[in-house]
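These are the residues of each chain, in order.
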Amino acid sequence: MLLNKWLKAVAFTLLCVTQQAVADLTIEITQGNDRATPVAVVPFAWLGQSALAEDVAQIVSDDLERSGLIKPLSRSDMLSLPSQKSDIYFRDWSLLKQDYLLIGQVKPSVSPGMLTIQFELYDVVRQTRVLGEVISGKPSELRSRAHYISDKVFEHLTGIAGAFSTRLAYVTVRKDASGQNKYELKVSDADGRREKSILTTYKPILSPAWSPDAEHLAYVSYETGRPAVFIQNVYSGKRRQLTAFKGLNGAPTWSPDGNKLAVVLSKDGNPELYQIDLTNYKMKRITNHYAIDTEPEWSPDGSKLLFTSSRSGGPQIYQLDLVSGETERLTFEGNYNARARYAPDGTEIYFVHQKEGIFHIAAQELANNRLRILTQTPLDESPSVSPNGSMLIYATQEGSRGYLGAVSVNGQIRYRLPSQRADVREPTWSPFLTN
Amino acid sequence: MSGYRYRKPKKLVAEINVVPYIDVMLVLLVIFMVTAPVLTQGVKVELPEAVSAPLDVSEDDLPLIVAVKKSGEYVLELGPDKEQAIKPADLSLKVGKITRQNPGVQVLVRGDKNVEYGAVVQLMSVLQQAGARNIGLLSQPPEK
Amino acid sequence: MEFKKYSKTLFFGATLAVLAGCGGNAATQEQGSDSASDGQVQPVVTSDGSNTDSSVNGEQMGQDAQSMKDQAADAMAAMPEVETVYFGFDTSAIRDDSREVLDLHVAYLNANPMQNVVLEGHADERGTREYNNALGERRGNAVKSYFMVQGVSADRIEVISYGEEKPAVIGHNNAAWSKNRRVEIKY
């Protein structure tokens, strides 16, 4: 009886491995944390008939491992594969030095076409269940459900909200058969899987920015022959062109309430920040300086704007208080600091910082202006913070190929998402999904 | 003063450097007396009687127990398998999984007093190759 | 909201969007003539209505450009051969060795008053994309000013910045970067 269950679990694992789809982006963890919590994520038992398309436990295990804060046990080192409490021998998991054990079952639901997924997290030392839930979904939703489980487990173990159910948007470039550069705006899960192209053009695309509801992207496309700002719904594909002014139309970012877009226009002869009210399309100029003003970013409370300005010579980061109208220079270290993003709690900023010819991603605490360099590769740009504030995704280069790197805000954890086929750039991490 | 400084003579180290010995023996062997009840569960084995150090079992560092039955068969006391004999190859595989995660794990051999010497030696060799570095033999306190 | 169930609509919609975005309607929404700093934008909903494919459209534009080039060549044989001038790092100052090339273009433009010109500004890959876009535009504007001072009227000149998006030379070294910080003068 027991053996039968084990066999089922093993068979389930094998089926899932053979069915795994080829992903465009694959994760390579390059630096982890020595004090990561050991957690055994046991393959979930499948109690149905035909094989499932996704290996839920493997997705959870990969998610948790990518966080760097959790060290999942390799399946090949497990002594047994329990899927219910009565099959757990806590002593065995203690011998394997595991602090926690995640087990689960997937079975056909009573409502047709639906699956029931049950998962339980056990504290191995105390031999108690600390988390457990029964959720349901369609077979096609297993990946989303797995990320949901990762979010729950991660939050329980670290106290940090999980951001595994979020998305990435980025731009890929590759030469087509005729040697032309083909640009694509793509959206994927936070782990790089389920990649979808939402725009394909032979002219540059840049600066994608998520709306706060994570349903729209604003971006710059040159498809009309000139740069223009577009807004596109990532689900329906429906889009509108927002600006087509003479000169620059760039760097769109959304206000936290989603009602305004800050953009850069040079229609009056010089790059300045503008805000466009998306409810009535009223436009207001925000900066007025003969230098370059670009790359706006709204503070989490919407009361301030960060931007890059060359008003002191080279590019430096400034903060404009939208209430008082006062502008304050924030960066003083080095001669190139640009394209800043706020941490979700507003306590620090992340930006591109040049030191000795190397373009790093750097962080600066706003309370004491202390700067720390987070990345060491030479041409890093476009930092974007995960909505839980723990990781940054950024664009970097290796040889002539651009790829995406991720680093924790404390610099301790790193991984990369290289694309097998294309140059990847301009990553941006979505907010938490609202539904 | 031209850079000369009085240098204290180095203290002589009186301890034996243990590491090379372990290297030579590969396995540190200690004989323990069974005191904790956890060690007396499982397959019935008549332990040899000997006076030796009592063994403390802490919750954080549970030992892995391998019993050797009178027949010379091995029993790895894991999960539900408290009676089932295990082949040396499977034993090696399972112990290897544990030592990879828990390199300092104490492996205790609970051998029947009537077991052939060869069976115990073979077991020690298997355990050692599976990465066990800390192996102990269990005995029973002599009856008073 | 579940992503997967929308994937089909999304893909279809995106295709429509690409088609529509490349149609003529988007380009006609030029609002640059309004010089007031505050104003209103007219969003163009482009997801319904389509005619051409993105790549097809690209080819047509290429043909247009080609035919324009041919006409120009007929009108005046002395179209300057060198069409690129280069710049230093993080600067839009016109170098002395660029003046000779620019003067030839000024002469050509003054001899062909119907000829318009597009100045494509570019930057090297170092630094951020949007800042480089601004830098590319500054370089284009520097050339534009040079032309205007010598009598070419502003309405004949359009500056388009590509920032670091269209490098002339691929490479992560000074030789490549110096070739990419440039303005291309296109007729």
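Residues numbered from 1 in each chain as written. Chains lettered and ligands numbered in written order. Predicted model: local features only at pLDDT ≥ 70, side-chain atom pairs only at ≥ 80, totals over all residues. Heavy atoms only, no water.

For chain C, an unreviewed UniProt entry supplies the name Peptidoglycan-associated lipoprotein and the organism Oceanospirillum linum. As stated in UniProt under Subcellular location (unreviewed entry), the record for chain C gives "Cell outer membrane". Per UniProt, the comment on chain C under Subunit (unreviewed entry) is "The Tol-Pal system is composed of five core proteins: the inner membrane proteins TolA, TolQ and TolR, the periplasmic protein TolB and the outer membrane protein Pal. They form a network linking the inner and outer membranes and the peptidoglycan layer." (UniProt positions renumbered as here; feature names shortened; annotations may be inferred.)

An unreviewed UniProt entry annotates chain B as Tol-Pal system protein TolR of Oceanospirillum linum. Regarding chain B, the UniProt comment filed under Subunit (unreviewed entry) reads as follows: "The Tol-Pal system is composed of five core proteins: the inner membrane proteins TolA, TolQ and TolR, the periplasmic protein TolB and the outer membrane protein Pal. They form a network linking the inner and outer membranes and the peptidoglycan layer." Here chain B is described in UniProt, under the heading Sequence similarities (unreviewed entry), as follows: "Belongs to the ExbD/TolR family."

(A) Structural view of unusual backbone geometry. Of note, Arg194(A) is a non-glycine position whose phi angle comes to about 55°, a positive value. As for its placement among the helices and strands, Arg194(A) is situated in the loop between strand 9 (181–189) and strand 10 (196–201). (Helix = DSSP H or I, 4+ residues; strand = E, 2+ residues; numbered from the N terminus.)

(B) Examining the nonpolar core more closely. Residues Trp93(A), Leu101(A), Leu64(B), Leu91(B) and Leu127(B) are the most contacted members of the largest nonpolar core, which totals 38 residues. Listing elements by their share of this core, those giving two or more residues are helix 3 (90–95) and strand 5 (100–108) of chain A together with strand 3 (64–68), strand 4 (74–76), helix 2 (88–101), strand 5 (106–111) and helix 3 (117–129) of chain B. At 6 residues, helix 3 of chain B tops the list of elements feeding residues into this core. Phe307(A), Leu320(A), Ala363(A) and Val409(A) belong to the second largest nonpolar core, which has 30 residues in total. (Core = buried A, V, L, I, M, F, W, Y, C linked by side-chain atoms within 4.5 Å. Buried < 20%, exposed > 50% of the residue type's maximum accessible area, 1.4 Å probe, protein only.)

(C) Up close: the pairing of strand 5 of chain A. Residues and elements named next belong to chain A. Buried residues dominate strand 5, accounting for 7 of its 9 residues. As paired strands, strand 2 (residues 37–41) and strand 5 are joined by 3 bridges and run parallel to one another. Looking across to strand 5, one finds that Val41 is bridged to Leu102. Here strand 5 runs beside strand 6 (residues 115–123); their pairing, made up of 9 bridges, is antiparallel. What sits directly across from Leu102, in strand 6, is Leu121. (Pairing = 2+ DSSP bridges.)

(D) The interface of chain A and chain B, seen in detail. Contact with chain A, which involves 14 residues of that partner, is made by 18 residues of chain B. Summing both partners gives a buried area of about 1500 Å² for chain A against chain B, and 55% of it is carried by carbon and sulfur. Applying the counting criterion to the chain A and chain B interface returns 1 salt bridge. Of the charged contacts, one joins Asp77(A) and Arg100(B) as a salt bridge, the two residues approaching to 2.7 Å between their closest N and O atoms. Linking chain A with chain B are 7 residue pairs in polar contact (both at pLDDT 80 or more). Here the side of chain A that touches chain B takes 4 residues from helix 3 of chain A, the largest share from any one element. Of the residues that constitute the side of chain A that touches chain B, the class distribution is 7 nonpolar, 3 polar and 4 charged. (Contact = heavy atoms within 4.5 Å. Buried area = accessible area lost by both parts, 1.4 Å probe. Salt bridge = Lys/Arg side-chain N within 4 Å of Asp/Glu carboxyl O. Polar contact = N/O pair within 3.5 Å; in protein donor to acceptor, adjacent residues only side chain to side chain. Nonpolar A, V, L, I, M, F, W, Y, C, P; charged D, E, K, R; others polar.)

(E) Seen up close, empty space enclosed by the protein. Summed over the entire model, instances satisfying the criterion amount to 9 cavities of 30 Å³ or more. Around the largest cavity, the lining residues are Arg66(A), Ser67(A), Phe154(A), Ala163(A), Phe164(A), Ala190(A), Ser386(A), Asn388(A), Ser390(A), Met391(A), Tyr415(A) and Trp429(A). For the lining of the largest cavity, the per-class residue count stands at 7 nonpolar, 4 polar and 1 charged. When residues of the lining of the largest cavity are sorted by domain, at least three fall in each of domain 1 (2–158) and domain 2 (168–429) of chain A. Of the volumes computed, that of the second largest cavity is approximately 80 Å³. Around the second largest cavity, the lining residues are Ser207(A), Pro208(A), Ala209(A), Ala251(A), Pro252(A), Thr253(A), Glu295(A), Pro296(A), Arg339(A), Arg341(A) and Glu130(C). Among the secondary structure elements, those contributing two or more residues to the lining of the second largest cavity are strand 11 (205–210), strand 15 (249–254), strand 19 (293–298) and strand 23 (337–342) of chain A. (1 Å grid on protein atoms, 1.4 Å probe; cavity = no way out; pocket = protein on both sides within 12 Å on 5 of 7 lines; lining within 4 Å. Points joined across faces, edges and corners; volume = space filled by probe spheres on them. Domains from an automatic or database assignment.)

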